[in-house]
Amino acid sequence: MPILQDKKILLTGLLSNRSIAFGIGKALKREGATLAFTYAGEGMRERVEKLAPELGGGLIMSMDVTKQDEIDGVFSKLGSEWGGVDGVVHSIGYAPRDAITGDFLDGLSRSSFMTAMDISAYSFAALGKAARPLMKGRNGALLTLSYLGAVRSVPNYNTMGVAKAALEANVRYMAATLGPEGTRVNGISAGPIKTLAASGIAGFSTMLKNFANAAPLRRNITADEVGNVAAFLLSDWASAMTGEILYVDNGYSQVAAGMDDGGEKPKE
Ligand code: NAD
Ligand code: 0WE
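Cut-offs and rules
Residues numbered from 1 in each chain as written. Chains lettered and ligands numbered in written order. Predicted model: local features only at pLDDT ≥ 70, side-chain atom pairs only at ≥ 80, totals over all residues. Heavy atoms only, no water. Patch = residues over 30% accessible without salt bridge, like charges linked within 9 Å, V, L, I, M, F, W, Y side chains within 5 Å. Areas by Shrake-Rupley, 256 points an atom, 1.4 Å probe, with all protein chains shown as cover. Salt bridge = Lys/Arg side-chain N within 4 Å of Asp/Glu carboxyl O. Helix = DSSP H or I, 4+ residues; strand = E, 2+ residues; numbered from the N terminus. Buried < 20%, exposed > 50% of the residue type's maximum accessible area, 1.4 Å probe, protein only. Core = buried A, V, L, I, M, F, W, Y, C linked by side-chain atoms within 4.5 Å. Contact = heavy atoms within 4.5 Å. Pairing = 2+ DSSP bridges. Axes fitted to C-alpha atoms, helices over the stretch in contact; angles between N-to-C directions. Near = heavy atom within 4 Å. Polar contact = N/O pair within 3.5 Å; in protein donor to acceptor, adjacent residues only side chain to side chain. Nonpolar A, V, L, I, M, F, W, Y, C, P; charged D, E, K, R; others polar. Parallel < 35°, antiparallel > 145°, perpendicular 65-115°, else oblique. Left-handed = near helix turned anticlockwise from the far one by under 90°.

What follows is about a nonpolar patch on the surface. There is a patch of nonpolar side chains on the surface, built from F104, L105 and L108 and spanning about 270 Å² of accessible area. Take L105: it is sitting in the loop between β4 (87-90) and α4 (110-135). Residue classification places L105 among the exposed residues on the basis of a relative accessible area of 59%.

For the rest of this paragraph, the subject is the nonpolar core. Side chains of a nonpolar character, in soluble globular proteins, are inclined to be buried together. Among the nonpolar cores identified, the biggest contains 38 residues, and L14, I24, L28, F37, I188 and V226 are the most heavily contacted of them. At the level of secondary structure, the elements contributing two or more residues to this core comprise β1 (8-11), α1 (20-30), β2 (34-39), α2 (45-51), β5 (141-146), β6 (184-190), α7 (223-234) and β7 (245-248). In terms of nonpolar packing, the next biggest core, distinct from the first, is built from 30 residues, V74, A131, V171 and L178 among them.

Attention now moves to the environment of A223. In this fold, A223 is placed in helix α7. For the pair A223 and P192, spaced 31 residues apart in the sequence, the C-alpha separation amounts to 9.7 Å. Sequence-distant contacts of A223, defined by excluding residues within four places in its chain, comprise R18, S19, I20, G23, I24 and I193.

Evaluated as defined, the whole model comprises 10 salt bridges. Between R132 and E181 there is a salt bridge, and its shortest N-O distance comes to 2.7 Å. Taken together, the residues span a long stretch of sequence, with R132 in helix α4 and E181 in the loop between α5 (158-178) and β6 at a distance of 49 residues. Among the residues examined, R132 registers a relative accessible area of 35% and is labelled partly exposed. When salt bridges with common partners are traced through the structure, they connect E42, R45 and E49 into a single cluster.

Attention now goes to the sheet that holds β2. Taken in spatial order, the seven strands make up an open sheet running β3-β2-β1-β4-β5-β6-β7, and their pairing is parallel. The open sheet has two free edges, formed respectively by β3 (60-62) and β7, since each of these has just one partner strand. On average, each strand axis in the sheet is inclined to that of its neighbour by 20 degrees, with strand direction left out of account. Bridge analysis of β5 against β6 gives six bridges, and the strand direction is parallel. Within β6, the residue paired with T144 across the bridge is G187. Relative to β5, α5 is tilted by about 165 degrees, and along the sheet it contacts β4, β5, β6 and β7. In the packing of α7 onto the sheet, contacts are made with β1, β4, β5, β6 and β7, and the angle to β6 comes to roughly 165 degrees.

This next bit is on the site of ligand 1. Lining the immediate environment of ligand 1, one finds 25 residues, of which G13, S19, K164, I193 and T195 sit closest. One nitrogen or oxygen atom from the main chain of I92 is found 3.2 Å from an oxygen atom belonging to ligand 1. K164 is positioned such that a nitrogen or oxygen atom in its side chain is 2.8 Å from an oxygen atom of ligand 1. Protein chains bury 90% of the 820 Å² of accessible surface belonging to ligand 1 in isolation. In terms of residue class, the shell around ligand 1 is made up of 16 nonpolar, seven polar and two charged.

Below, the discussion takes up the side chain of S112. As for its placement among the helices and strands, S112 is situated in helix α4. A polar side-chain atom of S112 sits 2.7 Å from a polar atom in the side chain of S109. If we skip the residues at most four places from it in the chain, S112 touches P96, A99, G107 and T159.

Attention now moves to the packing of helix α3 (residues 68-82) against α4. With their axes 10 Å apart at the nearest point, α3 and α4 run at an angle of 25 degrees to one another. One finds that α3 runs roughly parallel with respect to α4. Helix-helix and strand crossings are classified by hand; for α3 and α4 the assignment is right-handed. On the side of α3, the interface is formed by Q68, I71, F75, L78 and G79, while α4 contributes A126, L127, A130, A131 and L134.

Following this line, the structure appears as structure tokens:
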């Protein structure tokens, strides 16, 4: 039995077939969900129009999260088309390049800090606020994507790490606020994946290699694997889970650097 039958879910953050949102979309479709999609302002529309059919298609709307009128427009449209919303996936993050490169304080600026906070953290609470009346009493769920840099200092992640810490705090405050209305709020902290957001980040390939060597499961993770956990969290199987950050990282965050076994693979 598919676990998301009859669930109406808004999927943000689609940009390419490598996007984590694409892996999530495939799992949601497989589990029977009806989807709607947003893109980050004109210019991105065509990309999402190409990807949406593979995810079963549906409404496609512009939503640059820095623009409140676009956020309001999306939920007013969902209100008239769907009458209610059962799930929202927030898969959005951005910081200006200088703020995620090299020395944290050299790259720090008031404006890049505010941009990172606005797009990567504030926007999740803004979506929760706008979705609230449409989700009330439906046992629905909100989901966001975080990264280990929220809770550890990761080289170069810098200002994004501060924004992810705020995002994870958002998860807890939103869970407390929306719980009495039956709406759950959770996050997935994913291991590194080579998406567009990751391409062009200096040393990312080395990071992936080190990750696979150190992670208990001795490999990298895929967007499809994030998708499966996302489908679970949005489903009624997770009805007692809210305010949580689940690590989908092959166990990487749960081990400390130890003896270098060169990333020994499991024995046959
Ligand atoms: P991606 O580039 O495919 O997706 C990032 C998305 O953010 C894009 O769809 C982009 O359009 C959107 N976006 C940026 N600015 C926006 C704005 N102003 N309004 C609306 N949307 C905007 O990359 P991804 O890796 O799939 O990233 C998705 C999420 O997953 C992000 O929150 C990212 O921080 C998180 N994450 C990524 C990794 C990784 O290694 N790739 C690991 C853990 C968490
Ligand atoms: O959240 C992210 C990356 C998000 C991101 C990516 C970019 C690239 C293009 C935010 N802003 C921008 N700005 C751009 O101009 N990840 C979890 C992936 C990621 O990014 C890193 C990582 C990892 C992992 C940056 C440095 C170190 C590690």
